[in-house]
Structure formats: C-alpha cells, structure tokens
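# Chain and residue survey
Each chain, written out:
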Amino acid sequence: IAYVLSGLPESIIAAACARSGQRVLHVDSRHYYGGNWASFSFSGLLSWIKENQQKTDINDECEDWRKLILENEEVIPLSKKDKTIQHVEDFCFGDRDSAEDVEEAGALPKLPVFGAAGAERVGQESEKELPPTESALPEAESREPEKATGTEPASAMEGNGTEIASENESSHSTALGESTLELGKTEAAPSAISAQEPKKITYSQIVREGRRFNIDLVSKLLYSRGLLIDLLIKSNVSRYAEFKNATRILAFREGKVEQVPCSRADVFNSRQLTMVEKRMLMKFLTFCLDYEQHPDEYQDYENAAFAQFLRTRKLTPSLQHFILHSIAMVSENDCSTLEGLQATKKFLQCLGRYGNTPFLFPLYGQGEIPQCFCRMCAVFGGIYCLRHSVQCLVVDKESGRCKAIVDHFGQRISANYFIVEDSYLSESTCTNVCYRQISRAVLITDQSVLNMDSEQQVSILTVPPVDLGKPAVCIIELCSSTMTCMKDTYLVHLTCPSTKTAREDLEPVVQKLFNLNTEKETENEELEKPRVLWAVYFNMRDSSGVDKNSYDGLPSNVYVCSGPDSALGNDCAVKQAETIFQEMFPAEEFCPPPPNPEDIIYDEDEVAPEESGFSNSPETKPESSAEESSSGGSTAVKKEDNEE
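Note that the structure is a prediction, hence the values are computed from the model and not measured. (Residues numbered from 1 in each chain as written. Predicted model: local features only at pLDDT ≥ 70, side-chain atom pairs only at ≥ 80, totals over all residues. Heavy atoms only, no water.)

Moving on, we get to the packing of helix α8 (residues 317-327) against helix α9 (residues 337-350). At their nearest, the axes of α8 and α9 sit 10 Å apart, and the two run at 75° to each other. The angle between the axes of α8 and α9 places the two elements in the roughly perpendicular class. From α8, Ile323, Ser326 and Ile327 reach across to α9, where they touch Ala343, Thr344 and Phe347. Its residues placed into classes, the contact of α8 with α9 shows four nonpolar, two polar and no charged. (Axes fitted to C-alpha atoms, helices over the stretch in contact; angles between N-to-C directions. Helix = DSSP H or I, 4+ residues; strand = E, 2+ residues; numbered from the N terminus. Parallel < 35°, antiparallel > 145°, perpendicular 65-115°, else oblique. Contact = heavy atoms within 4.5 Å. Nonpolar A, V, L, I, M, F, W, Y, C, P; charged D, E, K, R; others polar.)

Dropping the structure here:
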C-alpha cells in the first residue's frame, strides 16, 4: 500500500493497515510529518511562511521516468505545487531588526534512530521530525526539559499530564469537575496575579526561545468522548502522547470576555448568574441530555433555527448566548433546532470524563497526533520517506486500476492500493471540485484574554459574528504548560470558514480583543487588553466533504484523503480513515489493540538476539516499551483491567 503525504487521515489508515499485516510505504514531499496538520517551532513557522509567500513552480526537466511507462499504461500526473495555503501575511509588533543577529537557543540532541524495515530517517531539521520508530517512542522523552514554565513536562513513562484511558477507568466529574484519571498533576499551582503590568517580551526573545513554541497550522481540540479519543484508546496509540485539559469555556458578550459555567458545580458556584437563571440553565441542560425522550417539546421547531427555539424556552438573553455560542457552539442563523440539541448533548456527554470541560489538548500541539499514528505504523513495519516526491500514478489501460507510482528518482514502486492527499492531485483531475476555505490566524500575546488566579489556562472562546452572514470565530488560547509557547506568553489560534482573505475575516475580532498598538501612548482601554507581539494570517483549503466521484479519471484503487476541516473536533478525519480502510479490507478490524506480551507466542527462528535490541516481528514491537515493563509506570490503557 503506497501513501502520499502524512496528514492525520492518511496516518490513521497507514497505522490500521500496518497493524493488520499489510506492507506500507508512506512518502511525503515535505521534510516534516503531518502536512497541513503539522506543528512548527517559531523558526520553522517563519520558514514555512517564507515558502508559501514565495511559491514558485517546480519544473521537472528530467523526463527519464517516462521510459518506465509501458505501451498498455497511462499516467495520472500529480501536482508539484502546493496550492492549499494562500494569502499568508505575518506581522511583528515590535522591533524585528533587533533580532537579525539573534539565534535560536541550542538545538535539542538528536537520538540515533533506525527506520522501520531498514529505511533511513529523512528530515532532521528539528525535534518535531523525529521519525515514528520504536527507539523514539514516546517522542516526549526526547524533549528538552522545560524549565521556563510552571509545570515540568516529563516523559510519558512517568505519567505526567493527562493520560487518556478506557471507558471503565473513566469516572464522572467531582464537585470541581476534575477527573480521577490524572496520573500526574499538570496544572500549575494557583498564584496571585500581580498588579503590575505583564512582563515585556521582545521579538528577539521570541526568536531566541523559538524552540519553546510548537505552533499548529490547524487549531483543534479533542472531545473527551469523541471518535479520535476512542480510537487512541482502542489502538493504544494514546501511550505515545500526553494531554492537558481545556480548563475553561469563555464567552464574548457586550464587549466583555466572561467565563461560562458548564458543569453542575460551575453553574451553582457562578456569580454571573442569578438563582433563577441557574435553575433555568440546569433545567434546560437536563432536557438536552435526553431530548429524544421528549419529542413533543421540540418537534414543532425541529426545522426552525436553534436560536428561535431557545427564545421559546423562556431563557434570559445571557443564557441564550451561553448555550448558543459557548455550549452548542453553532451558528445563530444556519443551525436547526435538531442540530443544536445534538451539539448541546454532545458537549454535555463529554463533561467530566477527564475534567470540568469536554476538551483535551495534546501537549506539544495537534501535530503530535499524526506522528503518533505514524509511530504505530512504523512499529508494525511501515516505511517512511520524507522529502520524497511522487511524479505520477501509473494506470493499466485494460483493467483501469493503478499499478504503481513513479518517484522523483525515477523509481517505479508497485502497490495494490494508493492513498493520496487531495493537495497532490493536479488541476486536470480536480476540474469539477469546488473547495471551501478556512481563515486562520495565530497570535503570540503577552497575557490572557481573561486573567484569573492561575495563569496556566487553556481556553476556548467563540466570538459571535458582527454582521449578518458572517461566520462566528473560534478562538483557542494556549498557555506555556501546553508546551506550545515560551513562559510569559500565550499562543492564540483563531479559525472560521472563509468569506474573504484570512486577515479581512479575522482582524476585526483581533482588534476587539487585543491591543495592536505599538506606540508607547495608548488609551487605558487598550492597556487592559493583551498585547499582540507577533501575528500571522493565512487561508487554508478545506477539502472535506468532496465526493470521490468529483475527481476526474481516478482508478477504483486510488483513495483521496481530505485536508483539515473547519470543525473544532477531529471526527471528520477519523470517519474518513475508517471508511477508506473498510473499503479496502472489509473483513479486517480497524486499528485493533496490540497484543499483551503474555499472549505472544514466539517461533524459535523469529526470536532475535538480545544484543540487537530490534526485532522484525510485528507482534512483539508494541509491547517492548519500558512503559509496560516498568513496575512503577502506567500506560493509558491496561487491557487486563479494562475489558470493554
């Protein structure tokens, strides 16, 4: 099976195929894993920005590979230019010139790593490019100790951070909304907020501490009972990553940012709501949990707007705002009552599994998730090649099936199935495809949008549209304990479906919430806002929802994966991966859990010498981690204790 690009859906399918015993080759023309799902250090992101601002056509003058095409074959050329990113604009709200001679702090040590099945590792620029092989599992072990934050990240073996576990290990929220599953404490101890101004951070400091940043191209969170969490638990891939709870849900109303009470304890401890409002809110949320049992209460409004239905429930304007924009997180005009109730129920069902909000965030960024599945694939024998572009697909004229790919070295590689990311298809193949766009912005700020006792907050905020027909903007604010930014800074992601360029869509929201003024003299109102130190805007293609039949002339054994969508969760990618896998191998289980060491039966001729420390037997690799053998360690799922 040949894969082109290493985005999240492709990585999940590759892991599932390798786990079921298929031979997998995964190639990517980029020098990093993840494609548009990747995370970058600050210097890495600057390089990515430069590449996308100075795009040039790649002319392949070498035509030797065409000699490999037989008379009864034809080719489907693949695109040599990535057109998924547009309108990239970056801004420095400080003295950029002062950082010209500043270099990034010392590089992290590289581990000696051997690729699966003898393949060499490709792409060694940064710590984000550690290959998904056994000797690098989990990647968190190779990180430089984070001394700048209030929380010390440790390896996944030590169990620090939130480790996701199976349903039977899970329990509902306590009075504080905390999960009993946390094996180590990631939250920094609450500290009183200083009355002084936030520390002044310069651009040269950001450049110097660039490796403290892990900046995602796509901004998402994991629903605690979502499809991706279930898959991570089932496949035991969760052992390769750590997670942090999103600590608060925020709302933007009447020009102010305020915290939204979500759990029962939050509602009754809230000072924002009156006693009557608390009863109203609890009554409505209780109804949403089992709304299917009471169809008479909503069936008259089933196709009406959810906002209209909320008005009939005699809820106050503030409660309607909280439910619509911060709990259901749906559009005010385009969402039906049934969709709104489903979204609210999903939010409520996810509460309390791992914390007092429904969401988890992976430490070191969303880009860790594709790499986790790449590791699983490599552990079961998959081969990975970065900086390895593909010229074309080779199709047999008689059968109409794809037989092989030809790479940039002129090598012909045969396979039975081919998985290609949408961005690699040429314009001639995509003439009938209509794409949507996502507007993205990433900000580095000096303080939170809502300061509280603890500085280490992971927040999600939905800003309602200002004008009719405009989309709401989803904002995720990350603190330094998520290992995505340096101390005394926050990383802010803004996302919405595009109507214009990303800057035109998102800058009005940025101006409302943040101080963009670089002058020393600013109004008091601006001083209260977080100051933006650096920002980038860009548009990203949303190819989700495109039917395979929309692509012209693709053989039946070529499957197309989409890039990131604009939704907050990852359900689209997981559904797509499982659908494609089941089409290829309907009799195989999708990402089954690895075997217990006790269940493995070794053949004498398969047992590798101990001194080699490496076995080619795919059934032995997943359990070779010290996580399982250590008496003091604990993995995300213990199969013997948690049979579901």
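Moving on from the coordinates now.
Two aromatic rings, taken as a pair, are described by how far apart their centres are and by the angle between their planes. Counted according to the given criterion, the structure contains 18 aromatic pairs. Ring plane angle 35° and centroid distance 6.4 Å describe the contact between Phe40 and Trp48, whose orientation is recorded as tilted. In this structure Phe40 comes out as buried when scored by relative accessible area, which is 8%. Judged by relative accessible area, Trp48 falls into the buried class, the value being 3%. Put simply, the rings of Phe284, Phe287, Tyr301, Phe306 and Phe309 pair up and form one aromatic cluster. Lying across the ring of Tyr435, Arg541 places its NZ or CZ 4.1 Å from the centre. Above the face of the Tyr559 ring, Lys548 is positioned so that its terminal group lies 4.5 Å from the ring centre. (Phe/Tyr/Trp six-rings, centres within 6.5 Å; stacked < 30°, edge-to-face > 60°. Buried < 20%, exposed > 50% of the residue type's maximum accessible area, 1.4 Å probe, protein only. Lys NZ or Arg CZ within 6 Å of the ring centre and 35° of its normal.)

Over its 15 residues, helix α6 (residues 275-289) runs 22 Å from end to end, which matches the ideal 21 Å to within 8%, given 1.5 Å per residue. Taken together, the buried positions of α6 are Glu277, Lys278, Leu281, Met282, Phe284, Leu285, Phe287 and Cys288. Where the residues of α6 are buried, they touch α5 (264-269), α7 (306-312), α8 and α9. (Expected span 1.5 Å × (residues − 1).)

Moving on: the pattern of salt bridges. Taken as a whole and judged by the stated rule, the model has 19 salt bridges. Between Arg30 and Asp82 there is a salt bridge whose closest N-O contact spans 2.7 Å. With Arg30 in the loop between β2 (25-28) and β3 (39-40) and Asp82 in the loop between β4 (73-77) and β5 (85-92), this pair connects stretches of sequence that are 52 residues apart. Between Lys403 and Glu73 there is a salt bridge, and its shortest N-O distance comes to 2.8 Å. Here Glu73 lies in strand β4 and Lys403 lies in strand β14 (residues 402-407), a separation of 330 residues in the sequence. Connected through salt bridges with shared partners, the residues Glu73, Asp396, Lys403 and Arg412 form a single ionic network. (Salt bridge = Lys/Arg side-chain N within 4 Å of Asp/Glu carboxyl O.)

Moving on to the nonpolar core. Within the largest apolar cluster, 73 residues are counted, with the highest numbers of intra-cluster contacts made by Phe42, Trp48, Phe284, Phe306, Phe359 and Trp534. In terms of residue count, the dominant contributor to this core is α6 (six residues). There are two domains that each give this core at least three residues, and those are domain 1 (2-82 + 364-434 + 545-584) and domain 2 (263-350). Not counting residues up to four positions away in its chain, the partners in contact with Phe306 are Phe284, Ile323, Leu324, Ala328, Val330, Cys335, Ser336, Thr337, Gly340, Leu341 and Thr344. Leu232, Tyr354, Tyr559 and Ala577 belong to the second largest nonpolar core, which has 49 residues in total. (Core = buried A, V, L, I, M, F, W, Y, C linked by side-chain atoms within 4.5 Å. Domains from an automatic or database assignment.)

Let us look at the sheet that holds strand β22 (residues 558-561). Taken in spatial order, the five strands of this open sheet run β12-β2-β1-β16-β22, and their pairing is parallel. The open sheet has two edge strands with one neighbour each: β12 (383-386) and β22. Geometrically, the sheet is characterised by an average inter-axis angle of 15° between neighbouring strands, direction not taken into account. Lying over the sheet, helix α13 (residues 571-584) contacts β16 (418-421) and β22, oriented at roughly 175° with respect to β22. (Pairing = 2+ DSSP bridges.)

Take α8 next. Buried residues dominate α8, accounting for 10 of its 11 residues. Listed in full, the buried residues belonging to α8 are Ser318, Leu319, Gln320, His321, Phe322, Ile323, Leu324, His325, Ser326 and Ile327.

This part covers the sheet that holds strand β15 (residues 412-414). Here four strands make up an open sheet; going across it, the order is β4-β13-β14-β15 and the pairing antiparallel. Two strands close off the open sheet at either side, each with one partner strand: β4 and β15. With direction set aside, neighbouring strand axes in the sheet form an average angle of 30°. As paired elements, β14 and β15 share three bridges and run antiparallel to each other. When the sheet's bridge partners are listed, Ile405 is paired in β15 with Ile413.

Tracing the chain through its elements places His325 in helix α8. His325 sits in the buried class, given a relative accessible area of 4%. Once you skip the residues sitting within four places of it in the chain, His325 turns out to touch Val330, Glu332, Thr462 and Pro464.

On to the pairing of strand β9 (residues 248-253), then. Each regular strand carries side chains that alternate between the two faces of the sheet. Judged by how many residues are buried, β9 sits mostly within the fold: six of six residues are covered. Burial of β9 is two-sided: the residues Arg248, Leu250 and Phe252 facing one way and the residues Ile249, Ala251 and Arg253 facing the other way are all buried. Judged from the four bridges that link them, β9 and strand β18 (residues 459-463) form a sheet pairing that is parallel. Looking at the pairing, Ile249 lines up with Ile460 of β18.

So, on to the side chain of His493. As for its position among the elements, His493 is in strand β20 (residues 490-497). Judged by its relative accessible area of 1%, His493 is buried. Only 3.0 Å separates the side chain of His493 from the side chain of Arg440, close enough to count as a polar contact. (Polar contact = N/O pair within 3.5 Å; in protein donor to acceptor, adjacent residues only side chain to side chain.)

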